[in-house]
Amino acid sequence: MKKIIGVFDSGIGGLTILDELKNILPNENYFYFGDSKNNPYGQKTDEELEKIVDEIVKDLIKRGAKIIVVACNTATAKCIESLRKKFPEMIFVGTEPAVKLACEMDYKNILVLATPGTIQSERVEELVLKNKKPEQNIKLFACPGLADAIETKDEEKIKLKLSELFDNLEKDFDAVVLGCTHYSHIKNELSEIFPKAKLIDGNKNIAKQVQKVLQENNLLNESEEKGKIEIIFSGDSK
Ligand code: DGL
(Lines give C-alpha, C1' and ligand atoms only; values in the text may rest on other atoms or scores of the structure.)
Protein backbone atom coordinates (compact mmCIF):
# COMPACT_ATOMS: atom_id res chain seq x y z
CA MET A 1 0.00 0.00 0.00
CA LYS A 2 1.24 3.51 -0.85
CA LYS A 3 1.89 5.50 2.30
CA ILE A 4 0.01 8.78 2.40
CA ILE A 5 -0.05 12.02 4.31
CA GLY A 6 -3.57 12.18 5.73
CA VAL A 7 -5.05 15.65 6.16
CA PHE A 8 -8.50 16.48 7.53
CA ASP A 9 -10.72 19.37 8.51
CA SER A 10 -14.43 20.06 8.85
CA GLY A 11 -14.63 20.89 5.13
CA ILE A 12 -12.66 23.18 2.84
CA GLY A 13 -10.60 24.98 5.54
CA GLY A 14 -7.66 22.60 5.60
CA LEU A 15 -7.23 22.82 1.82
CA THR A 16 -5.20 25.97 2.53
CA ILE A 17 -2.74 23.80 4.48
CA LEU A 18 -2.77 21.10 1.82
CA ASP A 19 -1.66 23.78 -0.70
CA GLU A 20 1.37 24.66 1.43
CA LEU A 21 2.20 20.97 1.87
CA LYS A 22 2.07 20.35 -1.89
CA ASN A 23 4.42 23.30 -2.40
CA ILE A 24 7.18 22.02 -0.18
CA LEU A 25 6.57 18.27 -0.45
CA PRO A 26 5.38 17.76 -4.03
CA ASN A 27 6.45 14.12 -4.23
CA GLU A 28 4.29 12.96 -1.35
CA ASN A 29 0.92 11.25 -1.78
CA TYR A 30 -1.96 12.98 -0.04
CA PHE A 31 -5.42 12.02 1.08
CA TYR A 32 -7.58 14.96 2.17
CA PHE A 33 -10.81 14.41 4.03
CA GLY A 34 -13.16 17.39 4.30
CA ASP A 35 -15.85 16.57 6.82
CA SER A 36 -18.42 19.07 5.52
CA LYS A 37 -21.27 16.91 6.77
CA ASN A 38 -20.21 17.62 10.36
CA ASN A 39 -19.31 21.27 9.81
CA PRO A 40 -19.08 23.33 11.97
CA TYR A 41 -16.73 21.65 14.43
CA GLY A 42 -16.43 24.92 16.35
CA GLN A 43 -19.89 24.60 17.86
CA LYS A 44 -19.69 20.88 18.83
CA THR A 45 -19.22 19.55 22.37
CA ASP A 46 -15.87 17.95 23.19
CA GLU A 47 -17.49 14.49 23.30
CA GLU A 48 -19.21 14.92 19.93
CA LEU A 49 -16.02 16.12 18.31
CA GLU A 50 -13.85 13.37 19.78
CA LYS A 51 -16.19 10.72 18.38
CA ILE A 52 -16.17 12.28 14.91
CA VAL A 53 -12.42 12.76 14.82
CA ASP A 54 -11.68 9.21 16.07
CA GLU A 55 -13.60 7.77 13.12
CA ILE A 56 -11.74 9.96 10.63
CA VAL A 57 -8.37 8.97 12.09
CA LYS A 58 -9.24 5.26 11.95
CA ASP A 59 -10.21 5.66 8.31
CA LEU A 60 -6.98 7.54 7.45
CA ILE A 61 -4.94 4.81 9.14
CA LYS A 62 -6.76 2.18 7.05
CA ARG A 63 -5.89 4.17 3.94
CA GLY A 64 -2.20 3.95 4.80
CA ALA A 65 -1.46 7.23 6.59
CA LYS A 66 2.14 7.61 7.82
CA ILE A 67 1.35 10.97 9.40
CA ILE A 68 -1.93 12.78 10.05
CA VAL A 69 -2.27 16.53 9.82
CA VAL A 70 -5.16 17.86 11.87
CA ALA A 71 -5.77 20.84 9.58
CA CYS A 72 -8.27 22.35 11.97
CA ASN A 73 -7.59 24.58 14.97
CA THR A 74 -10.73 23.46 16.78
CA ALA A 75 -10.05 19.72 16.47
CA THR A 76 -6.43 20.31 17.46
CA ALA A 77 -7.29 22.33 20.56
CA LYS A 78 -9.90 19.84 21.71
CA CYS A 79 -8.73 16.43 20.51
CA ILE A 80 -5.05 16.17 19.60
CA GLU A 81 -3.89 15.12 23.06
CA SER A 82 -6.43 12.31 23.28
CA LEU A 83 -5.63 11.26 19.69
CA ARG A 84 -1.95 10.93 20.59
CA LYS A 85 -2.90 8.72 23.54
CA LYS A 86 -5.39 6.58 21.58
CA PHE A 87 -3.16 6.12 18.52
CA PRO A 88 0.38 6.08 19.93
CA GLU A 89 1.91 4.62 16.74
CA MET A 90 0.66 7.50 14.61
CA ILE A 91 2.38 10.84 14.18
CA PHE A 92 0.02 13.83 14.45
CA VAL A 93 0.77 17.40 13.45
CA GLY A 94 -1.82 19.92 14.61
CA THR A 95 -2.83 23.46 13.78
CA GLU A 96 -3.05 26.29 16.27
CA PRO A 97 -3.70 30.03 16.00
CA ALA A 98 -0.41 31.71 15.09
CA VAL A 99 -0.33 33.78 18.29
CA LYS A 100 3.35 32.95 18.83
CA LEU A 101 4.26 34.19 15.36
CA ALA A 102 2.29 37.43 15.78
CA CYS A 103 3.94 38.09 19.15
CA GLU A 104 7.42 37.35 17.80
CA MET A 105 6.81 39.80 14.96
CA ASP A 106 6.25 42.46 17.63
CA TYR A 107 2.78 43.55 16.61
CA LYS A 108 1.28 45.71 19.32
CA ASN A 109 -2.46 45.33 18.88
CA ILE A 110 -3.35 41.81 17.86
CA LEU A 111 -6.80 40.41 17.09
CA VAL A 112 -7.23 36.63 17.14
CA LEU A 113 -10.20 35.30 15.18
CA ALA A 114 -11.31 31.69 15.68
CA THR A 115 -14.32 29.47 16.27
CA PRO A 116 -16.02 29.60 19.69
CA GLY A 117 -14.52 26.16 20.45
CA THR A 118 -10.97 27.35 19.82
CA ILE A 119 -11.36 30.68 21.60
CA GLN A 120 -12.69 28.95 24.73
CA SER A 121 -9.98 26.29 24.73
CA GLU A 122 -7.23 26.17 27.34
CA ARG A 123 -4.66 25.94 24.56
CA VAL A 124 -5.39 29.46 23.34
CA GLU A 125 -5.19 30.81 26.86
CA GLU A 126 -1.80 29.10 27.22
CA LEU A 127 -0.59 30.52 23.90
CA VAL A 128 -1.40 34.05 25.03
CA LEU A 129 0.15 33.60 28.49
CA LYS A 130 3.33 32.14 27.02
CA ASN A 131 3.90 34.56 24.17
CA LYS A 132 2.39 37.96 24.95
CA LYS A 133 4.89 40.67 25.84
CA PRO A 134 3.83 43.35 28.35
CA GLU A 135 3.54 46.03 25.67
CA GLN A 136 1.30 43.84 23.48
CA ASN A 137 -2.47 43.80 23.52
CA ILE A 138 -4.26 40.65 22.35
CA LYS A 139 -8.00 40.48 21.79
CA LEU A 140 -9.58 37.02 21.37
CA PHE A 141 -12.69 37.12 19.24
CA ALA A 142 -15.01 34.17 18.58
CA CYS A 143 -16.71 34.09 15.18
CA PRO A 144 -19.71 31.73 15.47
CA GLY A 145 -21.14 30.89 12.07
CA LEU A 146 -18.25 32.25 10.00
CA ALA A 147 -16.67 28.88 9.11
CA ASP A 148 -20.12 27.54 8.17
CA ALA A 149 -20.76 30.54 5.91
CA ILE A 150 -17.37 30.08 4.21
CA GLU A 151 -18.12 26.38 3.77
CA THR A 152 -21.24 27.27 1.71
CA LYS A 153 -19.03 29.39 -0.65
CA ASP A 154 -22.05 31.73 -0.88
CA GLU A 155 -20.59 35.26 -1.13
CA GLU A 156 -23.76 36.95 0.12
CA LYS A 157 -23.92 34.76 3.21
CA ILE A 158 -20.26 35.39 3.95
CA LYS A 159 -20.72 39.17 3.56
CA LEU A 160 -23.71 39.19 5.88
CA LYS A 161 -21.91 37.16 8.51
CA LEU A 162 -18.85 39.41 8.32
CA SER A 163 -20.93 42.50 8.80
CA GLU A 164 -22.85 40.92 11.70
CA LEU A 165 -19.58 40.02 13.41
CA PHE A 166 -17.43 43.05 12.71
CA ASP A 167 -19.56 46.15 12.06
CA ASN A 168 -19.42 47.15 15.71
CA LEU A 169 -15.84 46.15 16.39
CA GLU A 170 -13.02 48.70 16.50
CA LYS A 171 -10.71 48.12 13.53
CA ASP A 172 -7.44 49.55 14.81
CA PHE A 173 -5.43 46.32 14.89
CA ASP A 174 -1.97 45.96 13.35
CA ALA A 175 -2.25 42.16 13.10
CA VAL A 176 -5.15 39.75 12.70
CA VAL A 177 -4.44 36.09 13.43
CA LEU A 178 -6.57 33.74 11.35
CA GLY A 179 -7.17 31.06 13.97
CA CYS A 180 -9.43 28.92 11.83
CA THR A 181 -8.25 27.37 8.59
CA HIS A 182 -11.48 28.37 6.84
CA TYR A 183 -10.63 32.06 7.31
CA SER A 184 -7.62 31.87 4.99
CA HIS A 185 -10.14 31.51 2.15
CA ILE A 186 -11.47 35.05 2.78
CA LYS A 187 -8.23 37.01 3.14
CA ASN A 188 -9.39 39.64 0.64
CA GLU A 189 -12.62 40.31 2.51
CA LEU A 190 -10.78 40.47 5.85
CA SER A 191 -8.16 42.86 4.46
CA GLU A 192 -10.96 45.21 3.45
CA ILE A 193 -12.39 45.11 6.97
CA PHE A 194 -9.02 45.49 8.70
CA PRO A 195 -7.06 47.60 6.20
CA LYS A 196 -4.19 48.44 8.58
CA ALA A 197 -3.62 44.87 9.74
CA LYS A 198 -1.25 42.17 8.60
CA LEU A 199 -3.21 38.90 8.29
CA ILE A 200 -1.31 36.01 9.84
CA ASP A 201 -1.92 32.30 9.50
CA GLY A 202 0.44 29.50 10.46
CA ASN A 203 -0.08 27.40 7.33
CA LYS A 204 3.49 27.63 5.98
CA ASN A 205 4.93 26.74 9.37
CA ILE A 206 2.65 23.72 9.66
CA ALA A 207 3.86 22.43 6.31
CA LYS A 208 7.48 22.97 7.42
CA GLN A 209 6.75 21.11 10.64
CA VAL A 210 5.37 18.14 8.66
CA GLN A 211 8.52 18.13 6.52
CA LYS A 212 10.73 18.22 9.61
CA VAL A 213 8.88 15.38 11.37
CA LEU A 214 8.94 13.21 8.24
CA GLN A 215 12.68 13.84 7.86
CA GLU A 216 13.36 13.02 11.51
CA ASN A 217 11.44 9.75 11.20
CA ASN A 218 12.93 8.78 7.82
CA LEU A 219 9.47 8.82 6.32
CA LEU A 220 9.96 11.15 3.36
CA ASN A 221 8.84 9.66 0.05
CA GLU A 222 12.04 9.04 -1.93
CA SER A 223 10.20 8.84 -5.25
CA GLU A 224 11.26 11.37 -7.91
CA GLU A 225 7.75 11.50 -9.28
CA LYS A 226 5.04 13.95 -8.36
CA GLY A 227 2.72 12.43 -5.74
CA LYS A 228 -0.98 11.68 -6.06
CA ILE A 229 -3.62 13.76 -4.35
CA GLU A 230 -7.05 12.45 -3.44
CA ILE A 231 -9.62 14.81 -1.98
CA ILE A 232 -12.90 13.57 -0.55
CA PHE A 233 -15.69 15.38 1.27
CA SER A 234 -18.13 13.61 3.57
CA GLY A 235 -21.37 13.31 1.71
CA ASP A 236 -19.51 12.50 -1.55
CA SER A 237 -19.97 8.89 -2.62
CA LYS A 238 -16.82 6.96 -1.76
N1 DGL B 1 -11.51 24.95 10.00
C2 DGL B 1 -11.71 24.68 11.37
C3 DGL B 1 -10.72 25.37 12.28
O4 DGL B 1 -9.62 25.60 11.87
C5 DGL B 1 -13.07 24.54 11.96
C6 DGL B 1 -14.24 25.20 11.38
C7 DGL B 1 -15.50 24.66 11.99
O8 DGL B 1 -15.89 23.58 11.53
O9 DGL B 1 -16.05 25.26 12.91
O10 DGL B 1 -11.01 25.64 13.42
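Residues numbered from 1 in each chain as written. Predicted model: local features only at pLDDT ≥ 70, side-chain atom pairs only at ≥ 80, totals over all residues. Heavy atoms only, no water.

## Regarding the packing of helix α1 (residues 15-24) against helix α10 (residues 203-216)
Their axes nearest at 8 Å, the elements α1 and α10 cross at an angle of 50°. Overall, the two elements α1 and α10 adopt an arrangement that is oblique. Here the hand of the crossing between α1 and α10 comes out right-handed. On α10, the residues that touch Thr16, Ile17, Glu20, Leu21 and Ile24 of α1 are Asn203, Lys204, Ile206, Ala207, Lys208, Val210 and Gln211. When the residues that make up the contact of α1 with α10 are grouped by side-chain class, the tally is six nonpolar, three polar and three charged. (Axes fitted to C-alpha atoms, helices over the stretch in contact; angles between N-to-C directions. Helix = DSSP H or I, 4+ residues; strand = E, 2+ residues; numbered from the N terminus. Parallel < 35°, antiparallel > 145°, perpendicular 65-115°, else oblique. Left-handed = near helix turned anticlockwise from the far one by under 90°. Contact = heavy atoms within 4.5 Å. Nonpolar A, V, L, I, M, F, W, Y, C, P; charged D, E, K, R; others polar.)

## Concerning the pairing of strand β3 (residues 65-70)
Burial runs high along β3: six of the six residues are buried. Relative to strand β4 (residues 92-93), β3 is paired through two bridges, and the arrangement is parallel. The residue bridging valine 69 from the neighbouring strand is valine 93, located in β4. This β-α-β element, β3 to helix α3 (residues 73-86) to β4, shows right-handed connectivity. (Buried < 20%, exposed > 50% of the residue type's maximum accessible area, 1.4 Å probe, protein only. Pairing = 2+ DSSP bridges. Right-handed = clockwise from strand over helix to strand, strands pointing away.)

## Quick notes on the nonpolar core
As a rule of thumb, soluble globular proteins bury nonpolar side chains together. Ranked by internal contacts, the top residues of the largest apolar core, which has 45 residues, are Phe166, Leu190 and Phe194. Looking at this core element by element, the count peaks at five residues for α10. Aside from chain neighbours lying at most four places away, what touches phenylalanine 194 is Leu111, Phe166, Leu169, Glu170, Lys171, Phe173 and Val176. Core analysis: the second largest hydrophobic core is formed by 23 residues, Ile4, Val53, Phe87 and Met90 among them. (Core = buried A, V, L, I, M, F, W, Y, C linked by side-chain atoms within 4.5 Å.)

## Some remarks on the packing of aromatic side chains
What the rule picks out here adds up to five aromatic pairs. Both rings, one in phenylalanine 173 and one in phenylalanine 194, keep their centres 6.3 Å apart while their planes meet at 70°; by these two values the pair is edge-to-face. One end of the pair, phenylalanine 173, is in the loop between α8 (155-166) and β7 (175-178); the other, phenylalanine 194, is in the loop between α9 (187-193) and β8 (198-200), and 21 residues separate them in sequence. Assessed through its relative accessible area of 0%, phenylalanine 194 is described here as buried. (Phe/Tyr/Trp six-rings, centres within 6.5 Å; stacked < 30°, edge-to-face > 60°.)

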